[in-house]
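# Topology and contacts: notes
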Amino acid sequence: MATLELSLDETSAQPVRRGRRVGTLFWLAIGWMTLVFAVAILADVLPLPSPTDMDMLERRAPFSAEHWLGTDGLGRDELSRLIYGARISLIVGLCAPVIGLVFGGALGMLAGYFRGRFESFVVGSMDVLLAFPPLILALAVTAYLGQSIFNLTCILGVLGIPAFMRVARAATLSLARREFVIAAQALGATHSRILLRELLPNVLLPLLAFFLLAVAVTIVVEGALSFLGLGVPPPISSWGSMIGEGRESLDVAPRLAFIPAIAMFLTVLSFNLIGDTARALTDPKQGAL
């Protein structure tokens, strides 16, 4: 009886231990991301002044009821620019990894499944792309093609293809010789059916977990390019451009640089926490520990 009670206690405690993986930090990250997405989506309907309207008489105004976060060096409302900057960061941060997810994931699955010369060609091509310093390549291409949200998103998306390809290829290699794939081949299933019906659902989980981490990296890269003046063109506000503009006012109003920097830091940290938690929950090796 004692052994039975002990086993029941251990069985009932097991879900509790698994549930502890999703801790308080995870829910705080979810809450912050919900807030950021909400204000970015509803920016046009919120009672905010225009982020581009300038008032030189209100330059670097402190916090007030009219300007909750004050104004910047050109008299523009800082809160409004921060919210509209969140929209730009999220658009680039989400759309660019989608390009890497689609193309890199497809190439990785095909390379891991068919192997041979095609795999060597894909891996070699990705190694060539990785040989270029990503930030330098982004700077060069942005300077050549011009500043726009579309160009910036495409450049960062292409730079993310090799990482997604490697994740998809590694997952496909570990699954290509599993029993369910061999059984599908024995039953006469076509390659496309095996890739779409058998492999894709299993490869998609680690890809989505990596996608969240890639979003965090993309937001940082977009902020770095905007800080250097090669991101979105003015007068569109971006967290990186706001930090760059606030750099000129560090002695007078350091909040102009620190407020967008803190917003970017919390957003990137939240995406990293959510991505790490998703990776831990979808990793069968960690789930078995």
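Definitions and limits used
Residues numbered from 1 in each chain as written. Predicted model: local features only at pLDDT ≥ 70, side-chain atom pairs only at ≥ 80, totals over all residues. Heavy atoms only, no water. Phe/Tyr/Trp six-rings, centres within 6.5 Å; stacked < 30°, edge-to-face > 60°. Buried < 20%, exposed > 50% of the residue type's maximum accessible area, 1.4 Å probe, protein only. Helix = DSSP H or I, 4+ residues; strand = E, 2+ residues; numbered from the N terminus. 1 Å grid on protein atoms, 1.4 Å probe; cavity = no way out; pocket = protein on both sides within 12 Å on 5 of 7 lines; lining within 4 Å. Points joined across faces, edges and corners; volume = space filled by probe spheres on them. Nonpolar A, V, L, I, M, F, W, Y, C, P; charged D, E, K, R; others polar. Core = buried A, V, L, I, M, F, W, Y, C linked by side-chain atoms within 4.5 Å. Contact = heavy atoms within 4.5 Å.

### Here's the deal with the packing of aromatic side chains
Taken as a whole, this structure holds 3 aromatic pairs when the rule is applied. A ring pair is formed by Tyr 113 and Phe 114, whose centres lie 5.0 Å apart and whose planes are at 80°; its orientation type is edge-to-face. The class of Tyr 113 is buried, set by a relative accessible area of 11%. For Phe 114, a relative accessible area of 42% corresponds to the partly exposed category. Summarising the aromatic geometry, the rings of Phe 164 and Phe 210 are spaced 5.0 Å apart at their centres and angled 85° between planes, so their arrangement reads as edge-to-face. On the criterion of sequence distance, the pair formed by Phe 164 in helix H6 (residues 149-175) and Phe 210 in helix H8 (residues 191-227) is long-range, its members being 46 residues apart. Residue classification places Phe 164 among the buried positions, given a relative accessible area of 1%.

### Concerning the layout of surface pockets
In this structure, the second largest pocket occupies an estimated 380 Å³ of space. In terms of lining residues, the second largest pocket is bounded by 20 residues, among which Leu 156, Leu 159, Gly 160, Val 217 and Thr 218 are the most central. Sorting the residues of the lining of the second largest pocket by element identifies helix H3 (78-114), helix H4 (116-131), helix H5 (134-145), H6 and H8 as the ones contributing at least two each. By residue number, the principal contributor to the lining of the second largest pocket is H6, which donates 7 residues. Of the residues in the lining of the second largest pocket, the class split is 17 nonpolar, 3 polar and no charged.

### Considerations on the nonpolar core
Leu 82, Leu 199, Val 203, Trp 239 and Phe 271 are the most contacted members of the largest nonpolar core, which has 41 residues in total. Looking at which element gives the most residues to this core, the answer is H8, with 11 residues. Excluding its chain neighbours within four sequence positions, the residues that come into contact with Leu 199 are Met 109, Tyr 113, Thr 172, Leu 175, Ala 176, Val 181 and Ile 194. Counting residues in each nonpolar core, the second largest holds 9 residues, with Ile 88, Val 92, Ala 138 and Leu 156 among its members.

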